[in-house]
Amino acid sequence: MSTTGQPTAVLRDELRAAIHALFARYPTRRAVTLPALHLIQEKLGYVPLAAVVELAELLELAPAEVQDTLSFYGFFKQDKPLGQVRVWVCRSLSCAARGGEELLEYLCEKLGIRPGQTTPDGRVTLEVAECLGLCGGAPAMLAGPTVYTHLSRETIDQFVQSLQDGNPPGATQVDRDPAKQRPDSGN
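Residues numbered from 1 in each chain as written. Predicted model: local features only at pLDDT ≥ 70, side-chain atom pairs only at ≥ 80, totals over all residues. Heavy atoms only, no water.

Enquirer: Honestly, the overall build of the protein in this entry has me stumped. Any pointers?
Expert: Helix and strand counts for the protein stand at 7 helices and 5 strands. Order of helices (α) and strands (β) in the protein, N terminus to C terminus: α-α-α-α-β-α-α-β-β-β-α-β. With the model as given, the accessible surface of the protein reaches about 10500 Å², and the carbon-plus-sulfur share is 52%. (Helix = DSSP H or I, 4+ residues; strand = E, 2+ residues; numbered from the N terminus. Areas by Shrake-Rupley, 256 points an atom, 1.4 Å probe, with all protein chains shown as cover.)

Written as C-alpha cells, this is what we have:
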C-alpha cells in the first residue's frame with residue numbers, strides 16, 4: 001500500500017512503456033499477452049498475481065485470460081522471484097542415457113538445492129527440462145543464455161566456480177566438448 005492507501009503498482013512506468021511499445025508489433029492486445037509476461041518476468045524475476053491483474057487492465061482482458069496464458073507455460077513463476085541465473089538441466093531420454101540424471105544430482109550437491117529451488121543467496125534457480133532439444137550434445141544444460149553440451153562433472157565444477165567468482169554465464173552458446181569446438185566459434 002502506498003501512503004495514500006492505494007495499492008502500489010507492481011508494473012512501474014518503464015515496464016508499462018515497454019508493454020505499450022509491443023502494441024504496434026501485434027495485431028491485437030491479446031496477442032501481446034505472452035511477450036508482456038516475458039518482459040514482466042525478466043524485470044521482476046517472476047509474475048506475481050498483482051502483475052497479472054495490472055497486465056490484464058493494460059491489455060483490456062479479464063485477469064483470468066492472462067492467468068490462463070501464464071499457467072499454460074512452465075517457464076513462468078508466480079510464487080517468488082527466480083535466481084539471477086536460471087539453470088535448466090535436461091531430462092530427456094538422450095540426456096538420461098548419457099548420465100544426465102547423475103549429473104543433475106551432482107549439480108544439486110554442488111549448489112545445495114533441489115530442482116525447483118533457489119540458492120539462499122538468490123544467485124541460482126535450478127530447474128529440470130523435459131527436453132532442451134540438444135540431443136546431439138547430450139547431456140545438456142541451459143544456464144541463463146548459455147548452452148552447455150556434453151555436460152560433465154568438470155563442466156559443472158567450472159560453472160559453479162564461475163558463479164562463485166562472480167562471472168555468471170555469458171550470452172553465447174558454448175559447446176563444452178573441445179573436440180566439437182571450431183576455431184571460428186570464439187571458444
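Enquirer: Quick question: what am I supposed to make of unusual backbone geometry here?
Expert: For residues that are not glycine, phi is negative in most cases, and the peptide bond is trans in most cases. The step from alanine 138 to proline 139 runs through a cis peptide bond, and the omega angle for that step is -5°. Of note, proline 139 is situated in the loop between strand 2 (124-129) and strand 3 (141-143). In the Ramachandran plot, glutamate 60 falls in the positive-phi region, its phi being about 60° despite a non-glycine side chain. Inspection of the secondary structure assignment puts glutamate 60 in the loop between helix 3 (49-59) and helix 4 (63-72). Positive phi is not limited to glycine here, since histidine 150 has a value of about 55°. One can find histidine 150 in the loop between strand 4 (146-149) and helix 7 (153-164).

Enquirer: Is there a simple way to think about the packing of helix 2 (residues 33-44) against helix 4 in this case?
Expert: At their nearest, the axes of helix 2 and helix 4 sit 10 Å apart, and the two run at 70° to each other. The angle between helix 2 and helix 4 falls in the class roughly perpendicular. Seen from helix 2, the contacting residues are Thr33, Leu34 and Leu37; seen from helix 4, they are Val66, Thr69 and Leu70. Classifying every residue of the contact of helix 2 with helix 4 by side-chain character gives 4 nonpolar, 2 polar and no charged. (Axes fitted to C-alpha atoms, helices over the stretch in contact; angles between N-to-C directions. Parallel < 35°, antiparallel > 145°, perpendicular 65-115°, else oblique. Contact = heavy atoms within 4.5 Å. Nonpolar A, V, L, I, M, F, W, Y, C, P; charged D, E, K, R; others polar.)

Enquirer: Quick question: what am I supposed to make of the pairing of strand 4 here?
Expert: Walk down a regular strand and you will see the side chains alternate between the two sheet faces. Judged by which residues are buried, strand 4 turns out to be covered on both faces: Thr146 and Tyr148 on one side and Val147 and Thr149 on the other are all buried. Of the strand pairs in this sheet, strand 3 and strand 4 are connected by 3 bridges, and their pairing is antiparallel. Paired with alanine 143 across the strands is threonine 146, a residue of strand 4. Where strand 3 hands over to strand 4, the hairpin turn is made up of 2 residues, of which glycine 144 adopts a positive phi near 60°. (Buried < 20%, exposed > 50% of the residue type's maximum accessible area, 1.4 Å probe, protein only. Pairing = 2+ DSSP bridges.)

Enquirer: Hey, could you run me through the pattern of salt bridges in this one?
Expert: Side-chain pairs of opposite charge can arise whenever the charged atoms involved come near each other. All told, the structure shown has 9 salt bridges when counted by the stated rule. A salt bridge links glutamate 127 to arginine 86; its shortest N-O distance comes to 3.0 Å. Linking glutamate 127 in strand 2 with arginine 86 in strand 1 (residues 85-90), this pair joins segments that are 41 residues apart in sequence. With its nearest N and O atoms 3.3 Å apart, the salt bridge here joins lysine 110 to aspartate 157. Residue lysine 110 is located in helix 6 (residues 100-111), and its partner aspartate 157 is located in helix 7; the two are separated by 47 residues in the primary sequence. (Salt bridge = Lys/Arg side-chain N within 4 Å of Asp/Glu carboxyl O.)

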